[in-house]
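Summary of structural features
The lines below spell out each chain.
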Amino acid sequence: MADKRTFEIYRYDPDKDAKPYMQTFEVELEGTERMLLDALMKLKKMDDSVSFRRSCREGVCGSDAMNINGKNGLACLTNMQTLPQKITLRPLPGLPVVRDLIVDMSMFFKQYHSIKPYIVNETVAPEKERLQSQEDREELNGLYECILCACCSTSCPSFWWNPDKFVGPAGLLAAYRFIADTRDQVREERLDNLEDPYRLFRCHTIMNCVDVCPKGLNPTKAIGKIKDMLVKRAA
Amino acid sequence: MALSVHKYDAVVVGAGGAGMRCSLQLARAGLRVAVLSKVFPTRSHTVAAQGGIGASLGNMDEDNWHYHFYDTVKGSDWLGDQDAIEFMCREAPKVVYELEHMGMPFDRNPDGTIYQRPFGGHSAKYGEKPVPRACAAADRTGHAMLHTLYQQNVKSNTTFFVEWMALDIIRDAEGDVVGVTALEMETGEVSIFHAKCVLFATGGAGRIFAASTNAFINTGDGLGMAARAGIPLEDMEFWQFHPTGVHNAGVLLTEGCRGEGAILRNKDGERFMERYAPKLKDLAPRDFVSRCMDQEIKEGRGCGPNGDYIALDLTHLGGETIMKRLPSVHEIGKNFANVDVIKEPIPVVPTIHYQMGGIPTNIHGQVVVPRNGNPNTVVNGFYAIGECSCVSVHGANRLGTNSLLDLLVFGRAAGNHLIETALASKAHKPLPANAADYSLARIAKLDQSNSGEYPQDVANDLRRAMQTHAGVFRTQKSMDEGVVKVLAIAERAASLSLKDKSKVFNTARIEALEVANLMEAAKATMVSAAARKESRGAHTVDDYGDTPEHPLGRNDEVWMKHTLWYSEGNRLDYKPVQTKPLTVDTVPLAKRTF
């Protein structure tokens, strides 16, 4: 059974295009082309200039995030059956476009780096593992699984307006991952680092981040916990 | 045209587990280190590893490195080098504890220690019973490890060149490696990286097969570069088929499923592994389980309308265990097989997963080649670690969890070796005058192409040929035909056509450059396989079956040796297996039963 789809794809190659434009493609899919990424690979066979990132094709590397019919998601985890006949693909919103569906993610990673995304523990390491209770370890669930695809931050209006000042949902989720880890020793410094009208408090709980996360994570909840800690600390 | 030259003490190519464990060691020691990666570091394929890291911590049951050592030698079907295996298994607990200290979110036991689960081929008391040895973070161990290593590199200020593809090795007149050429994807510009030492951590070439658990980026770039520079590739005939790839999707389901108690069943619902491996059952090593599954399918006991798959049954584990220990497996079942693994078995088939062979090295990660009668002469300035290397700890078949371990142990060892040999105080050897000519010519040829085949058509023909002629069960006739076919396809790859000539993030150009690397890896595999006239580990050939003289088709008198394949003229050479461990007794040859 033929499954004919229409793709409207954002095209821009600074090497030859004066400005971006939308290009239409008709693609006939086979039953084995189950996911949007499969369809895109087929499309690239028709026109090798269509550019996008991809790697693991199973939703763990975070390469193929894009805006799919107005909503951010991973192409490899988007089943074609869930999409209408016509599919509009744009690059992730709010970041500079390098080419077609490929965006410059420097700003996103700069914010991730700004929260010091690593355990700090200056005590002499024991010969074996540092012990951690099962309950304390469970605090990290829903935090450490982030794949840095940027679906969340680039769906957040606060990040669009202040990508240089607001850490954004992905960065704040990571910040809370380290705040919550009982092995980390610099919780207060981490909170100081976020106590700022922009870095943390630009989050207005719009919750687009929760809606789009392909891993089902909840940055808004993590942000809420950081805000609570700051309130308690001030009291 | 003057190219820009970046000068570093060490250049690491590849930002997966091995590359970043190594760069961390170097950065912490204050060396100037650059890491080049085709993708942002956390997108490297280590991220997809699920089940665990093998180390005899003994947190759940009595265990020690001697058991791990024995299991790994036996798992390798005695092709692994016993000095390297001893080194890896002894170092294992240390590198896992270190990773924990770096913040790795391991699952925990009630006493706060690292959670461990059983895995294929890992046993206590020399094969007596399965032992929990796989240190796990749910079924996202690779993801947790890769992110932890990236985070620590951020802390140590490692310099990353993200979305740069290395093109070729630069060797001077003495054959020493003095740098690499690389392409910045965003601009399309080629640069030279001038280094005292180049370390390859470029991963495997799983994309030479049509059905593979591997990511698109796993195109064997390091193998291609090494082969073009005259370095031989070792034991490339040995490719691991993972027993549980999702039928028709290729996506991996961790062996941790069976570690947690999942069972393989045929169409009669029978737990058939009890017949083949009475002691380890579903947790026998991967080559063994894959062959048993294939046997069941061949003998008409496969599941489904076409009888072409096996059922992996997790239903008896219960929703709670599955959601706690195997959440990604649940997610993958839903997304790629439309199956809720809590409620029903999931269709699986053996799927290409891991390359046991690679660039030959010693236990410090130094690349070694035969020269003047010494089969292991060091190539100055060149190291290889992780899946692209062959040290050889996996021999003819790798045990699950030993891959992540390999990355940590040898990434760290290579870094330490450079520090101990005082790399910082050494001088850069001068670059040859024509350092980048070869790479620039390759790029220019693509840019000027206006007739010729589309790269992906050639690559897809190659993948189909490899799948047919170098699959789970091999026959001599089919492999011989495969050699002819693959060499013919490689000829076609010499004249590819690129429609897209843009400089900016030209993924079509990147893919065309990758095809050249795929070809080297595929030729090495096919030629080495057809030449090895025995069955050993993952290389199982119908013609060489079980006989009294050669149990299970393994011919130790003639074939207990490592293959070395040279790209030039498809020449083969061989070198002895190191059967002497560092400090303990050799594990003597025996028939492999489980």
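Note that this is a predicted model, so its numbers are computed, not measured. (Residues numbered from 1 in each chain as written. Chains lettered and ligands numbered in written order. Predicted model: local features only at pLDDT ≥ 70, side-chain atom pairs only at ≥ 80, totals over all residues. Heavy atoms only, no water.)

Observations regarding the sheet that holds strand β3 (residues 53-54) of chain B
In a beta sheet, neighbouring strands pair by backbone hydrogen bonds and run either parallel or antiparallel. All names here are of chain B. In space, the three strands of this open sheet follow the order β3-β5-β4, with antiparallel pairing throughout. Both outer strands of the open sheet, β3 and β4 (116-124), are each paired with one neighbouring strand and no more. In this fold helix α2 (residues 65-75) packs onto β3, β4 and β5 (129-135), with an angle of close to 60 degrees to the strand it touches most, β4. (Pairing = 2+ DSSP bridges. Helix = DSSP H or I, 4+ residues; strand = E, 2+ residues; numbered from the N terminus. Contact = heavy atoms within 4.5 Å. Axes fitted to C-alpha atoms, helices over the stretch in contact; angles between N-to-C directions.)

What about helix α6 (residues 187-194) of chain A?
Side chains of residues three or four places apart in an α-helix project in the same direction, reflecting 3.6 residues per turn. Residues and elements named next belong to chain A. Within α6, the full set of buried residues consists of R190, L191 and L194. Each buried residue of α6 sits inside an arc of 100 degrees when the element is viewed along its axis, so together they form one side. Close packing links the buried residues of α6 with α5 (168-179) and α8 (219-234). (Buried < 20%, exposed > 50% of the residue type's maximum accessible area, 1.4 Å probe, protein only. Arc of directions from axis to C-beta.)

Re helix α3 (residues 82-101) of chain B
All names here are of chain B. Taking 1.5 Å per residue, 20 residues should reach 28 Å; α3 reaches 29 Å between its end C-alpha atoms and fits that length. By the largest-angle criterion, A92 marks the main kink of α3, which is about 45 degrees, and a proline, P93, follows within four residues. Across the 20 residues that make up α3, a large majority, 17, are buried. G103 sits one or two positions beyond α3 and adopts a positive phi of about 110 degrees. (Expected span 1.5 Å × (residues − 1). Bend = angle between axes of the 7 residues up to and from the residue.)

Looking at the nonpolar core
Judged by nonpolar contacts, the single largest core of 181 residues is most densely connected at A:F7, A:L89, B:I53, B:L199 and B:L314. No other element matches α3(B), which puts ten residues into this core. When neighbours within four sequence positions are excluded, B:L314 is seen to be in contact with B:C257, B:A262, B:I322, B:L326, B:V329, B:V341 and B:I346. Formed by 86 residues, the second largest nonpolar core is a distinct cluster that contains B:V180, B:I359, B:I443 and B:M466. (Core = buried A, V, L, I, M, F, W, Y, C linked by side-chain atoms within 4.5 Å.)

Details of the layout of surface pockets
The space that makes up the second largest pocket amounts to roughly 640 Å³. Listed by contribution, the elements that provide at least two residues to the lining of the second largest pocket are α3 (134-138), α5 and α8 of chain A together with α9 (319-325) and α10 (327-337) of chain B. If one sorts the elements of the lining of the second largest pocket by residue count, α10(B) sits on top with five residues. (1 Å grid on protein atoms, 1.4 Å probe; cavity = no way out; pocket = protein on both sides within 12 Å on 5 of 7 lines; lining within 4 Å. Points joined across faces, edges and corners; volume = space filled by probe spheres on them.)

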